[in-house]
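Reading the structure
Residues per chain, in single letters:
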2 protein chains.
Amino acid sequence: MNGAESLIRTALDCGVSVCFANPGTTEMPLVAALDTTEGIRCVLALFEGVCSGAADGYARMHESPAMTLLHLGPGFANSIANFHNARRARSAVLSVIGDHATWHHGYDAPLTSDIASLARPVSGWYRSSSSARMVARDTAAAIAAAGRYPGRIATLTVPADAQWDPADSAHSPMPIPSLPTVSGAAVSNAAAILGRGAKAVLFLGGLGLRANGLRAAARIAAKTGCFLMCETFPARLERGSDQPFVPRLPYFPEQALEALAPFDSMVIAGAPKPVAFFGYPNLPSVLVPDAFAVAGLAEPEQDVVAALEALADAVGAPKSASIAAIEQPSIPTGSLTGANIGAVLGALIPENAILMDEAATTGFSAFGASAGARPHTYLALTGGAIGQGLPCATGAAVACPDRKVIAFQADGGGMYTVQALWTNAREGLNITSVICNNRAYRILQVELARAGIKEPGPMARSLTRLDNPEINWTDLARGMGVPGVRVDNCEALAREFSKALKEPGPNLIEMLM
Amino acid sequence: MNGAESLIRTALDCGVSVCFANPGTTEMPLVAALDTTEGIRCVLALFEGVCSGAADGYARMHESPAMTLLHLGPGFANSIANFHNARRARSAVLSVIGDHATWHHGYDAPLTSDIASLARPVSGWYRSSSSARMVARDTAAAIAAAGRYPGRIATLTVPADAQWDPADSAHSPMPIPSLPTVSGAAVSNAAAILGRGAKAVLFLGGLGLRANGLRAAARIAAKTGCFLMCETFPARLERGSDQPFVPRLPYFPEQALEALAPFDSMVIAGAPKPVAFFGYPNLPSVLVPDAFAVAGLAEPEQDVVAALEALADAVGAPKSASIAAIEQPSIPTGSLTGANIGAVLGALIPENAILMDEAATTGFSAFGASAGARPHTYLALTGGAIGQGLPCATGAAVACPDRKVIAFQADGGGMYTVQALWTNAREGLNITSVICNNRAYRILQVELARAGIKEPGPMARSLTRLDNPEINWTDLARGMGVPGVRVDNCEALAREFSKALKEPGPNLIEMLM
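To keep things clear, this report deals only with the structure shown in the data block. (Residues numbered from 1 in each chain as written. Chains lettered and ligands numbered in written order. Predicted model: local features only at pLDDT ≥ 70, side-chain atom pairs only at ≥ 80, totals over all residues. Heavy atoms only, no water.)

Section: the pattern of salt bridges
If you walk through the whole model with that rule in mind, you get 42 salt bridges over all chains. Residue A:Asp108 pairs with B:Arg88 through a salt bridge whose shortest N-O separation is 2.8 Å. Separated into two different chains, A:Asp108 in the loop between helix 6 (102–105) and helix 7 (115–119) and B:Arg88 in helix 5 (residues 80–89) make up a pair that spans both. For A:Glu510, the salt bridge identified is with A:Arg486, shortest N-O distance 2.7 Å. Of this pair, A:Glu510 sits in strand 17 (residues 507–512) while A:Arg486 is found in strand 16 (residues 484–487), placing the two residues 24 residues apart along the sequence. Connected via shared salt-bridge partners are A:Asp475, A:Arg478, B:Asp475 and B:Arg478. (Salt bridge = Lys/Arg side-chain N within 4 Å of Asp/Glu carboxyl O. Helix = DSSP H or I, 4+ residues; strand = E, 2+ residues; numbered from the N terminus.)

What to know about the sheet that holds strand 13 (residues 376–380) of chain A
All names here are of chain A. Read from one edge of the open sheet, seven strands run 9-13-12-14-15-17-16, paired in mixed fashion. A strand with exactly one partner marks an edge of an open sheet, and here the two such strands are strand 9 (237–239) and strand 16. Strand after strand, the sheet turns through a mean of 20° between neighbouring axes, direction not considered. Inspection of the sheet shows strand 14 (residues 405–410) paired to strand 15 (residues 431–437) by six bridges, in the parallel sense. When the bridges of strand 15 are listed, Ile406 appears paired with Thr432. Helix 16 (residues 389–399) rests against strand 12 (353–358), strand 13, strand 14 and strand 15 of the sheet, and its axis sits at about 175° to strand 14. (Pairing = 2+ DSSP bridges. Axes fitted to C-alpha atoms, helices over the stretch in contact; angles between N-to-C directions. Contact = heavy atoms within 4.5 Å.)

With respect to the relation of the copies chain A and chain B
Aligned on chain B, chain A shows an RMSD of 0.0 Å; the corresponding rotation is 180° and the shift along the axis is 0.0 Å. Seen this way, the second copy is the image of the first under a two-fold rotation axis. A shared binding surface is used by both copies, with 100% of the interface residues of chain A retained as interface residues in chain B. (Least-squares fit on C-alpha atoms with pLDDT ≥ 70 in both.)

Observations concerning the packing of aromatic side chains
Applying the stated rule across the entire model yields 26 aromatic pairs over all chains. Summarising the aromatic geometry, the rings of A:Phe367 and A:Tyr378 are spaced 5.0 Å apart at their centres and angled 70° between planes, so their arrangement reads as edge-to-face. Placement of A:Phe367 in helix 15 (residues 360–369) and of A:Tyr378 in strand 13 is noted, with a sequence separation of eleven residues between them. There is no split in this pair, since A:Phe367 and A:Tyr378 are both buried. Residues A:Tyr416 and B:Phe47 carry aromatic rings whose centres are separated by 5.5 Å and whose planes lie at 85° to one another, so their mutual orientation is edge-to-face. You can see A:Tyr416 sitting in helix 17 (residues 411–416) and its partner B:Phe47 sitting in the loop between strand 2 (41–44) and helix 3 (48–61), one on each of two chains. Here A:Tyr416 matches B:Phe47 in class, with each residue buried. Members of the aromatic cluster, joined through ring pairs, are A:Phe233, A:Tyr251, A:Phe252, A:Phe277, A:Phe278 and A:Phe364. The lysine or arginine in question, B:Arg239, covers the ring of B:Tyr378, its NZ or CZ lying 5.7 Å from the ring centre. (Phe/Tyr/Trp six-rings, centres within 6.5 Å; stacked < 30°, edge-to-face > 60°. Buried < 20%, exposed > 50% of the residue type's maximum accessible area, 1.4 Å probe, protein only. Lys NZ or Arg CZ within 6 Å of the ring centre and 35° of its normal.)

This is how it looks when you write it as structure tokens:
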């Protein structure tokens, strides 16, 4: 057994079953080990940002972490933006990077770089294996550090000689500590806030947005009359007609402040205290008004569900709460506005689907319109680094082969990691990509207007427009083996979306907005 | 004047005239300043790796550095791989990153990250502006640090409030120190090596590969009989029938050792001492045999041309040396092998063209075959981070609008930054992209064989093949506004390449190999 085989064997023993990879020369022993040690499915991507985004999507939908296998500092660098998003999603990932042989490193060959400096900003755990005999132990430690959800990116750099030199054996799995429970004081503080009256918000995030968290939250709301709201960009939210309606805190701070204006207090469970996505002159960073009474029930890394259940009991909530039914939207006609698109999706999303929303401005207005959809899982762009949507959908589809995945995608962000379509075709993944082709970085046009730039100059206009030339997404998809169609109204969208959902494998609908 | 305007004004005063950009919300004041301060051409790319690669190509072909404008840590992260290549090419770049307002940074909003940790591995100079009034001075310092060629990436992070707060004025340009000259001892040591006989190699890199460096090298060779050779991946090499033939040191170490075996000594000018691209078991890291007598004439950061001229004088070389004519290749017929493709290119490359070669395995064999082409500039993938070719061609075309640019590109690397095609169409750049569609990471297949894996397993086979599904590059190009054709033999390649070179604007030829 060499170091590479000890890594793959250990990963397998620790429950890793998928590897999103774009290896190079320094990872060849690991590639060979994937063949000699059967059991890990390798998914090739044509760009590393697809690997990291897919690992994120996989982690949100699967109990065990996926592995990524990337090529030295520059290969890893290409994965950083989506690892940034994965970190913000608290996704667990075993990130493996090959490096030069230890004895070659000092010669500053062209691909040499400071991998640790690149990896640390996104990695909750980092180590470089010092020798082949350390690799198995380091791998087990990395997987334990990655954890489950909420987890972290554990990055292990493995020099080439630590892969090909002899090793002893695999290392047995190391224990993953269970989530810390919250204190009784945290529960009673939260209960006291909710006892003050009906002007409280129960602000949910993280595990609080899974089915059992929402069930407890609905019980609390039924008893106390508190208003449920969730973080703007949830890593994973169970949604649709079997769940309470939980609006997201709006993205722009003015709207967020307005949404919170009717209230006087907040209990926070599974999310950080909400702050503005960006700082703006004359607007606060913290979106919770100073006058609010605030209680932190559970940090995202604590056992949020148990905390919500304890709070439900503490306020004397009923054992179960009925969910107010939200009417399923009917299919609108006419132009492809955000709300209309949301209604079409809301009418047609199949039960148990997974909807990855990186639809940016279109997604904001589509969200409310699709609230009454059949029960489904909703994934958002967590870290603001665009280009997460298509890869994250890829990973979710690998994690859940029996569920239909919908990649609801803005054109600007979609172009960042468009290579994901090729992996979808290669793996035959059941993903319908729905592209919002509005030929603009619309959110930047909004930001220019918000900054008081009423008539942007030619540079500002040009830098926010994608219409010269127009991108043809069906051509791009065809070029990577994914069939696609273009639609420009709701009727056509509904027809093509219904058809696409029935087809196996990937397909794409380009919405001309 | 605000901080953003002081930055743009200073950059303009320091000679910056192009900005490769993908800005976001935190860069809006800089975008507005580009409109109020006319004179910098903004080139939008749909992915940051295109911006950094374009800045690299621009720097190799232009006296003043280009600016890049990117969005916080994740936006910058997407640029790192091509900045890694740019660093290895010693390209000068003013890299500007917007960041959260200083007072917002501590709230850990979703896009917050450790930008310095990400930037330092590729930046020869790094600073974050502390306030608007510091921005102009910081910008001038960054541009001076970036220098010209050989230069560095100077990265300046500018928080949003340092952009919108009031500033005083632009800062005047700071002096760029001239290149250090080499010592007389370095020249006489090199002359002594060359005086030992005709078994010496003059190993050239950096500025030694520009026209005046090669002229001096040809003089030295004419007098001493030394053999000229250059670094494997030159940032810029003047080539063709008016230049001496300078073979590259082969990529694989066995071949490099074989290429050096007939010699006993080496003078190195403008390059580091050559080392293997990767470390392999039982092969040395340093490719120059221990028995060689070695003299370092000039470091890449020294005045290499003056050193070569001094050496020419020291050995008593003639004032000018005639260049042995290399026959221009004729157009072959039949299948698209690397050598055949090189001959087609060599026969048809127009005078004064720029050839960006990221053709990987195909490029290795094409290089020799195209030696007798009309005079042209050759650019190589310097840092081994694939995905440099298309963007670097974009930047070279922006720098040299009157020259035809040929992007000779492997399919694997091409997919990394395929978004460059859209920028080429948008800007109407005269770039003919010639794609080697061999449906494989061929170099990894070679590496597997070299590692003794004669029959790769299914994972190893799968991870090195791009044939499921096959990529259709003409579809991809069309989707981004670039016309393309497919060819599968030399006659068709010659016909379509001739035609493409006559058309203005970008086009693409997909070679099915």
